[in-house]
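Close look at the chain arrangement
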Amino acid sequence: MNNVKPKKFLGQHFLTDLNIARQIADTVDTYPDIPVLEVGPGMGVLTQFILKKGRPFKVVEIDRESIPYLREHFPELGDGIIEADFLQMNLEEVFQGQPFVLTGNYPYNISSQIFFKMLEYKQFIPCCTGMIQKEVAERMAALPGSKTYGVLSVLMQAWYDVEYLFTVHEHVFNPPPKVKSAVIRMTRIEKESLGCDESLFRHIVKTVFTQRRKKMRNPMKQIVPKECPLLADSLFDRRPEQLSVDDFVALTNRVSEILKK
């Protein structure tokens, strides 16, 4: 059958450089003994190299044109082709409760949503690798004090060590995107909890970064009473981008005690 046509509404940009595809596929070797799930295989440019590793392997694809292409060109996948929307899946069921590596050439338009979905199933995903928009990769890997440090940085780094591996230029895609891409690897930090109310932690992080250029005192008034003594603390003279994950955990515990009273 003919090649699959990239679809703009699915955010598809098919990688054409096999050397880069091989390098991305090799990032799953950080955890060599567990299954792999690839998101959005398209025409299988990564798939072909992951298959050679001889590991339990499945792909999830929402593009109805790609499904028959994959079945024809990669019959060895067998029933490992899942026709579904990744964002709607129960990831615990993919490998019957086994942990797995998540990878893919992720659609630009939903890459952040994919990673927030991953956080919901972090106990099953010790490693996530793949290619995303360069700007998103920089935000995920950014350190406190950086202009790109934000909500995605804090929430991902609370649970994963994020590595920006290398940049991929526009000309190796069909169609070429208007931005550069980057390959990342995220490795799960060995901890079972943050040591705070995790729902409140997420709420605080998302709230303060709505006013990232202002001192913490301003957005925190949405969470604690304006007359709260805590707001007099020098911590609130800082901007959100200056706080580390540990700072946010400590702040969450302080706020939690206040809200209980």
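Cut-off values and rules
- Residues numbered from 1 in each chain as written.
- Predicted model: local features only at pLDDT ≥ 70, side-chain atom pairs only at ≥ 80, totals over all residues.
- Heavy atoms only, no water.
- Pairing = 2+ DSSP bridges.
- Helix = DSSP H or I, 4+ residues; strand = E, 2+ residues; numbered from the N terminus.
- Axes fitted to C-alpha atoms, helices over the stretch in contact; angles between N-to-C directions.
- Salt bridge = Lys/Arg side-chain N within 4 Å of Asp/Glu carboxyl O.
- Buried < 20%, exposed > 50% of the residue type's maximum accessible area, 1.4 Å probe, protein only.
- Lys, Arg positive; Asp, Glu negative; His and termini not counted.
- Contact = heavy atoms within 4.5 Å.
- Arc of directions from axis to C-beta.
- Right-handed = clockwise from strand over helix to strand, strands pointing away.
- Phe/Tyr/Trp six-rings, centres within 6.5 Å; stacked < 30°, edge-to-face > 60°.
- Lys NZ or Arg CZ within 6 Å of the ring centre and 35° of its normal.

Here we take up the sheet that holds strand β9 (residues 181-188). The mixed open sheet is built from seven strands, whose spatial order is β4-β3-β2-β5-β6-β9-β7. The open sheet has two free edges, formed respectively by β4 (81-83) and β7 (160-168), since each of these has just one partner strand. Each adjacent strand pair in this sheet contributes to an overall mean axis angle of 20°, direction not counted. Taken together, the four bridges between strand β2 (residues 36-39) and strand β5 (residues 101-104) define a ladder with parallel strand orientation. Residue pairing in the sheet places glutamate 38 in a bridge with threonine 103 of β5.

Summed over all chains, the structure comprises 12 salt bridges. In this structure, lysine 53 and aspartate 29 form a salt bridge, with 3.0 Å as the shortest nitrogen-oxygen distance. With lysine 53 in the loop between α2 (47-51) and β3 (57-61) and aspartate 29 in the loop between α1 (18-26) and β2, the pair connects residues that are 24 residues apart, well separated along the chain. We classify aspartate 29 as partly exposed; its relative accessible area is 35%. Residues participating in the shared-partner salt-bridge network are Asp26, Asp29, Lys53 and Arg55.

Topologically, glutamate 38 is positioned in strand β2. One buried charge, glutamate 38, has no salt-bridge partner; the nearest side chain with opposite charge is lysine 53, at 12 Å. Glutamate 38 has contacts with Leu46, Thr47, Ile50, Phe57, Lys58, Val59, Val60, Thr103 and Gly104, leaving out every residue within four places of it along the chain.

Take helix α5 (residues 134-141) next. Regarding α5, the residues found buried are Val136, Ala137 and Met140. The buried side chains of α5 occupy one side of the element, clustering within an arc of 100° when seen end-on. Considering only its buried residues, α5 is in contact with α4 (111-120), β6 (127-133), α6 (151-157), β7 and β9.

Within a regular strand, side chains alternate between the sheet's two faces. Residues Val101 and Thr103 point to one face of β5 and Leu102 and Gly104 to the other, with burial holding for every one of them. As defined by bridge partners, β5 adjoins β6 across two bridges and the pair is classed as parallel. Bridge pairing in β6 links valine 101 to cysteine 127. The handedness of the β5 to β6 crossover, carried by α4, is right-handed.

Considering the arrangement of structural elements, one finds glycine 150 in the loop between α5 and α6. Given the relative accessible area of 8%, glycine 150 is considered buried. Expressed as a C-alpha distance, the spacing of glycine 150 and proline 240, which sit 90 residues apart in the sequence, is 7.9 Å. What glycine 150 contacts, discounting residues up to four positions off in sequence, is Phe209 and Arg212.

Here we take up the packing of aromatic side chains. This model, assessed by the stated rule, comprises four aromatic pairs. On the basis of an interplanar angle of 70° and a centroid distance of 6.3 Å, the ring pair of tyrosine 149 and phenylalanine 209 is categorised as edge-to-face. Linking tyrosine 149 in the loop between α5 and α6 with phenylalanine 209 in the loop between α7 (198-208) and α8 (217-220), this pair joins segments that are 60 residues apart in sequence. You can call tyrosine 149 buried: its relative accessible area is 0%. The buried category is assigned to phenylalanine 209, whose relative accessible area is 9%. Over the ring of tryptophan 159 we find lysine 122, and its NZ or CZ is 4.5 Å from the ring centre. Above the face of the tryptophan 159 ring, lysine 191 is positioned so that its terminal group lies 5.8 Å from the ring centre.

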